[in-house]
Amino acid sequence: MTPEKITGIVLSSQNIGETDRRIVLLTRERGKISAFARGAVKPRNPLVSATRPFTYGEFFLYVGRDSYTVTGADVKNHFDGITKDLEVYYYASYLSEIADYNTRENLDGSEVLLLLYQSLRALEKKTIGNELVRYIYEWRMMALNGEVPNVFGCARCGKASGDDVVLIHFNGNEHGMICDGCATGEERKHVLHRSTIYTLQYILATPLKELYSFRVTDEVLEEIRQITDDYLKKTRPHKFNSLEFIEMGTLF
Ligand SMILES: [Zn+2]
(Lines give C-alpha, C1' and ligand atoms only; values in the text may rest on other atoms or scores of the structure.)
Protein backbone atom coordinates (compact mmCIF):
# COMPACT_ATOMS: atom_id res chain seq x y z
CA MET A 1 0.00 0.00 0.00
CA THR A 2 1.48 3.36 -0.98
CA PRO A 3 0.70 6.38 1.15
CA GLU A 4 -1.44 9.14 -0.27
CA LYS A 5 0.07 12.63 -0.59
CA ILE A 6 -2.22 15.23 0.96
CA THR A 7 -1.71 19.00 1.32
CA GLY A 8 -2.77 20.55 4.58
CA ILE A 9 -2.30 22.50 7.81
CA VAL A 10 -2.20 20.98 11.30
CA LEU A 11 -5.13 22.55 13.17
CA SER A 12 -4.45 20.84 16.47
CA SER A 13 -2.26 18.16 17.94
CA GLN A 14 -2.65 15.97 20.99
CA ASN A 15 -0.22 13.50 22.53
CA ILE A 16 -1.48 9.98 23.05
CA GLY A 17 0.49 8.06 25.63
CA GLU A 18 4.21 8.70 25.71
CA THR A 19 5.14 8.25 22.08
CA ASP A 20 2.24 8.89 19.74
CA ARG A 21 0.19 11.84 18.64
CA ARG A 22 -3.21 12.48 17.09
CA ILE A 23 -3.55 15.48 14.82
CA VAL A 24 -6.43 17.26 13.14
CA LEU A 25 -5.48 18.26 9.61
CA LEU A 26 -7.30 20.65 7.32
CA THR A 27 -6.60 19.29 3.85
CA ARG A 28 -7.20 20.42 0.31
CA GLU A 29 -8.19 16.95 -0.88
CA ARG A 30 -10.23 15.45 1.96
CA GLY A 31 -11.46 18.36 4.05
CA LYS A 32 -10.84 18.07 7.78
CA ILE A 33 -9.45 14.74 8.93
CA SER A 34 -8.04 13.29 12.11
CA ALA A 35 -4.82 11.28 11.72
CA PHE A 36 -2.61 9.16 13.93
CA ALA A 37 1.16 9.79 13.99
CA ARG A 38 3.08 6.93 15.52
CA GLY A 39 6.24 7.91 17.36
CA ALA A 40 5.57 11.63 16.85
CA VAL A 41 6.57 12.46 20.42
CA LYS A 42 9.91 10.66 20.39
CA PRO A 43 13.02 12.85 20.12
CA ARG A 44 14.66 12.84 16.68
CA ASN A 45 11.53 11.51 14.98
CA PRO A 46 10.90 13.87 12.02
CA LEU A 47 7.17 13.76 12.76
CA VAL A 48 7.76 15.66 16.03
CA SER A 49 8.00 19.01 14.27
CA ALA A 50 5.78 18.09 11.32
CA THR A 51 2.81 17.41 13.59
CA ARG A 52 2.95 20.67 15.56
CA PRO A 53 0.00 23.06 15.19
CA PHE A 54 0.10 25.46 12.19
CA THR A 55 2.56 23.27 10.23
CA TYR A 56 1.78 23.51 6.52
CA GLY A 57 2.99 21.03 3.94
CA GLU A 58 2.46 17.74 2.20
CA PHE A 59 1.59 14.85 4.43
CA PHE A 60 1.94 11.21 3.46
CA LEU A 61 -0.94 9.20 4.87
CA TYR A 62 -2.06 5.62 4.88
CA VAL A 63 -5.78 5.69 4.34
CA GLY A 64 -7.51 2.95 6.28
CA ARG A 65 -11.18 2.08 6.27
CA ASP A 66 -11.93 4.52 9.06
CA SER A 67 -8.59 6.02 10.04
CA TYR A 68 -5.58 7.87 8.68
CA THR A 69 -1.97 7.27 9.68
CA VAL A 70 0.79 9.79 9.00
CA THR A 71 3.94 8.15 7.67
CA GLY A 72 5.91 11.23 6.68
CA ALA A 73 5.72 14.88 5.76
CA ASP A 74 7.32 17.40 3.47
CA VAL A 75 6.99 20.60 5.52
CA LYS A 76 6.70 23.83 3.50
CA ASN A 77 6.17 26.21 6.40
CA HIS A 78 6.46 25.68 10.15
CA PHE A 79 5.20 29.18 10.97
CA ASP A 80 7.88 29.39 13.65
CA GLY A 81 7.23 33.10 14.14
CA ILE A 82 3.76 32.33 15.49
CA THR A 83 4.98 30.31 18.43
CA LYS A 84 7.47 33.00 19.45
CA ASP A 85 4.82 35.58 20.34
CA LEU A 86 2.08 34.70 22.82
CA GLU A 87 -0.51 37.12 21.45
CA VAL A 88 0.10 35.99 17.86
CA TYR A 89 -0.08 32.40 19.08
CA TYR A 90 -3.54 32.89 20.60
CA TYR A 91 -4.84 34.62 17.48
CA ALA A 92 -3.46 31.82 15.30
CA SER A 93 -5.06 29.24 17.60
CA TYR A 94 -8.37 31.05 17.33
CA LEU A 95 -8.23 31.09 13.51
CA SER A 96 -7.44 27.36 13.57
CA GLU A 97 -10.38 26.69 15.90
CA ILE A 98 -12.73 28.54 13.56
CA ALA A 99 -11.41 26.54 10.59
CA ASP A 100 -11.99 23.35 12.59
CA TYR A 101 -15.53 24.44 13.46
CA ASN A 102 -16.39 25.27 9.84
CA THR A 103 -15.03 22.23 8.01
CA ARG A 104 -15.97 18.55 7.71
CA GLU A 105 -14.37 15.40 6.38
CA ASN A 106 -14.76 14.68 2.66
CA LEU A 107 -15.75 18.22 1.77
CA ASP A 108 -13.50 20.40 -0.39
CA GLY A 109 -11.26 22.23 2.08
CA SER A 110 -9.20 24.17 -0.45
CA GLU A 111 -10.71 27.64 0.06
CA VAL A 112 -10.66 27.53 3.86
CA LEU A 113 -7.12 26.16 3.68
CA LEU A 114 -6.00 29.07 1.51
CA LEU A 115 -7.74 31.60 3.78
CA LEU A 116 -6.16 30.12 6.89
CA TYR A 117 -2.72 29.94 5.25
CA GLN A 118 -2.77 33.58 4.13
CA SER A 119 -4.07 34.70 7.53
CA LEU A 120 -1.38 32.82 9.47
CA ARG A 121 1.21 34.41 7.19
CA ALA A 122 -0.22 37.85 7.92
CA LEU A 123 -0.09 37.20 11.68
CA GLU A 124 3.48 35.97 11.43
CA LYS A 125 4.67 38.87 9.25
CA LYS A 126 2.95 41.45 11.48
CA THR A 127 2.39 43.85 8.60
CA ILE A 128 -1.06 44.66 9.96
CA GLY A 129 -2.41 44.29 13.50
CA ASN A 130 -3.56 40.92 14.87
CA GLU A 131 -7.07 42.18 15.43
CA LEU A 132 -7.52 43.37 11.86
CA VAL A 133 -6.25 40.01 10.59
CA ARG A 134 -8.84 38.36 12.81
CA TYR A 135 -11.76 40.42 11.48
CA ILE A 136 -10.71 40.05 7.86
CA TYR A 137 -10.64 36.31 8.47
CA GLU A 138 -14.06 36.31 10.19
CA TRP A 139 -15.70 38.13 7.27
CA ARG A 140 -14.05 36.01 4.59
CA MET A 141 -15.02 32.87 6.50
CA MET A 142 -18.66 34.02 6.72
CA ALA A 143 -18.51 34.61 2.95
CA LEU A 144 -17.12 31.10 2.34
CA ASN A 145 -19.97 29.72 4.45
CA GLY A 146 -22.51 31.68 2.41
CA GLU A 147 -23.68 33.47 5.55
CA VAL A 148 -22.16 36.91 5.18
CA PRO A 149 -24.23 40.03 6.03
CA ASN A 150 -25.08 42.35 3.16
CA VAL A 151 -22.68 45.32 3.13
CA PHE A 152 -23.15 46.20 -0.53
CA GLY A 153 -26.77 47.26 -0.27
CA CYS A 154 -29.61 47.95 2.12
CA ALA A 155 -30.85 44.84 3.93
CA ARG A 156 -34.29 46.44 4.36
CA CYS A 157 -35.23 47.88 0.96
CA GLY A 158 -32.84 45.76 -1.09
CA LYS A 159 -31.33 48.67 -3.04
CA ALA A 160 -27.62 48.50 -3.90
CA SER A 161 -25.45 51.21 -2.37
CA GLY A 162 -24.73 54.06 -4.77
CA ASP A 163 -25.10 57.79 -5.22
CA ASP A 164 -28.76 57.80 -4.21
CA VAL A 165 -28.58 54.94 -1.66
CA VAL A 166 -26.22 55.74 1.21
CA LEU A 167 -25.67 53.01 3.80
CA ILE A 168 -25.44 54.40 7.32
CA HIS A 169 -26.21 51.71 9.91
CA PHE A 170 -25.68 48.00 10.55
CA ASN A 171 -28.55 45.84 11.77
CA GLY A 172 -27.50 42.33 12.77
CA ASN A 173 -31.07 41.05 13.03
CA GLU A 174 -31.62 41.97 9.39
CA HIS A 175 -28.17 40.66 8.38
CA GLY A 176 -26.82 43.80 6.82
CA MET A 177 -26.54 47.53 6.33
CA ILE A 178 -29.50 49.90 6.43
CA CYS A 179 -29.70 52.88 4.10
CA ASP A 180 -30.34 56.53 4.91
CA GLY A 181 -33.86 56.27 3.52
CA CYS A 182 -34.84 53.26 5.63
CA ALA A 183 -33.06 53.96 8.93
CA THR A 184 -35.41 54.82 11.79
CA GLY A 185 -34.93 57.21 14.71
CA GLU A 186 -32.97 54.89 16.99
CA GLU A 187 -30.83 53.62 14.10
CA ARG A 188 -29.95 57.17 13.08
CA LYS A 189 -28.23 57.59 16.44
CA HIS A 190 -25.70 54.89 15.44
CA VAL A 191 -24.39 56.06 12.11
CA LEU A 192 -21.23 54.31 10.92
CA HIS A 193 -18.16 56.02 9.48
CA ARG A 194 -18.19 55.84 5.68
CA SER A 195 -14.77 54.21 5.83
CA THR A 196 -16.08 51.38 8.03
CA ILE A 197 -18.55 50.44 5.30
CA TYR A 198 -15.90 50.81 2.58
CA THR A 199 -13.52 48.64 4.60
CA LEU A 200 -16.05 45.81 4.94
CA GLN A 201 -16.81 46.03 1.21
CA TYR A 202 -13.08 45.98 0.47
CA ILE A 203 -12.54 42.93 2.71
CA LEU A 204 -15.18 40.97 0.80
CA ALA A 205 -14.29 42.15 -2.71
CA THR A 206 -10.49 41.97 -2.75
CA PRO A 207 -8.50 38.89 -3.84
CA LEU A 208 -7.09 37.07 -0.82
CA LYS A 209 -3.43 37.60 -1.72
CA GLU A 210 -3.81 41.38 -1.79
CA LEU A 211 -5.97 41.57 1.29
CA TYR A 212 -3.53 41.71 4.18
CA SER A 213 -1.82 44.96 3.32
CA PHE A 214 -4.15 47.80 4.31
CA ARG A 215 -4.58 49.59 7.62
CA VAL A 216 -7.54 51.27 9.28
CA THR A 217 -7.95 53.98 11.90
CA ASP A 218 -8.74 53.08 15.51
CA GLU A 219 -12.30 54.41 15.06
CA VAL A 220 -12.93 52.14 12.07
CA LEU A 221 -11.43 49.14 13.84
CA GLU A 222 -13.64 49.84 16.86
CA GLU A 223 -16.78 49.90 14.69
CA ILE A 224 -15.80 46.72 12.87
CA ARG A 225 -15.14 45.10 16.25
CA GLN A 226 -18.59 46.03 17.58
CA ILE A 227 -20.49 45.02 14.45
CA THR A 228 -18.68 41.72 14.06
CA ASP A 229 -18.66 40.66 17.72
CA ASP A 230 -22.39 41.42 18.12
CA TYR A 231 -23.25 39.66 14.88
CA LEU A 232 -21.21 36.55 15.63
CA LYS A 233 -22.66 36.30 19.14
CA LYS A 234 -26.11 36.12 17.57
CA THR A 235 -25.33 33.80 14.69
CA ARG A 236 -22.54 31.54 15.97
CA PRO A 237 -23.41 30.27 19.43
CA HIS A 238 -20.18 28.36 19.97
CA LYS A 239 -17.54 28.86 22.63
CA PHE A 240 -13.98 29.05 21.29
CA ASN A 241 -11.37 28.39 23.96
CA SER A 242 -8.65 30.53 22.38
CA LEU A 243 -11.04 33.49 22.08
CA GLU A 244 -11.28 33.62 25.85
CA PHE A 245 -7.53 34.16 26.07
CA ILE A 246 -7.72 36.90 23.46
CA GLU A 247 -10.62 38.59 25.22
CA MET A 248 -8.81 38.51 28.55
CA GLY A 249 -6.39 40.81 26.75
CA THR A 250 -4.51 41.66 29.89
CA LEU A 251 -2.11 38.86 29.03
CA PHE A 252 -0.52 40.92 26.31
ZN1 LIG B 1 -33.05 50.94 2.41
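All values derive from a computational prediction rather than experimental measurement.

Undergrad: Got a minute to help me understand the coordination of the zinc ion in this structure?
TA: Metal coordination angles have textbook ideals: 109.5 degrees for a tetrahedral set of four donors and 90 or 180 degrees for an octahedral set of six. Protein ligation of the zinc ion involves Cys 154 (SG), Cys 157 (SG), Cys 179 (SG) and Cys 182 (SG), the donor distances falling in the range 2.3 to 2.4 Å. Angles of 103 to 115 degrees at the metal separate the four donor atoms of the zinc ion, which places the site in the tetrahedral class. When its relative accessible area of 1% is taken as the criterion, Cys 154 is described as buried. Its relative accessible area of 35% is what places Cys 157 among the partly exposed residues.

Undergrad: Would you take a moment to explain the pairing of strand β5 (residues 68-77) for this structure?
TA: Remark: a regular strand shows side chains that alternate across the two faces of the sheet. Pairing of strand β3 (residues 31-37) with β5 involves two bridges; the strand directions are parallel. Bridged to Phe 36 within β5 is Thr 69. Where strand β4 (residues 56-63) lies against β5, eight bridges are found, and the strand directions are antiparallel. Bridge assignment links Tyr 62 to a residue of β5, and that residue is Thr 69. Joining the antiparallel neighbours β4 and β5 is a turn of four residues.

Undergrad: Help me understand the side chain of Arg 236 in this model?
TA: Locating Arg 236 in the fold gives a position in the loop between α8 (218-235) and α9 (241-248). Of note is the side chain of Arg 236, whose polar atom sits 2.8 Å from the side chain of Tyr 94. Within the structure, Arg 236 has its side chain in polar contact with the side chain of Glu 138 (distance 3.0 Å). Aside from chain neighbours lying at most four places away, what touches Arg 236 is Tyr 94, Ile 98, Tyr 101 and Glu 138.

Undergrad: I'm lost on the sheet that holds strand β2 (residues 20-27) in this one. Help?
TA: Strand pairs in the sheet, formed through backbone hydrogen bonds, run parallel or antiparallel to each other. Pairing is mixed in the closed barrel, where five strands are placed in the order β1-β2-β3-β5-β4. Taken over all neighbouring pairs, the strand axes of this sheet differ in orientation by 50 degrees on average, direction set aside. Against the sheet, helix α3 (residues 86-102) engages β1 (4-16), β2 and β3, with an angle of about 115 degrees to β1. The sheet strands contacting helix α4 (residues 110-125) are β1, β2, β4 and β5, and the helix crosses β1 at an angle near 60 degrees.

What counts, and where the lines are drawn
Residues numbered from 1 in each chain as written. Predicted model: local features only at pLDDT ≥ 70, side-chain atom pairs only at ≥ 80, totals over all residues. Heavy atoms only, no water. Donors = N, O, S within 2.8 Å, 3.2 Å for Na, K, Ca; no water. Tetrahedral: all angles 85-135°; square planar, octahedral: opposite > 155°, others 65-115°. Buried < 20%, exposed > 50% of the residue type's maximum accessible area, 1.4 Å probe, protein only. Pairing = 2+ DSSP bridges. Helix = DSSP H or I, 4+ residues; strand = E, 2+ residues; numbered from the N terminus. Polar contact = N/O pair within 3.5 Å; in protein donor to acceptor, adjacent residues only side chain to side chain. Contact = heavy atoms within 4.5 Å. Axes fitted to C-alpha atoms, helices over the stretch in contact; angles between N-to-C directions.

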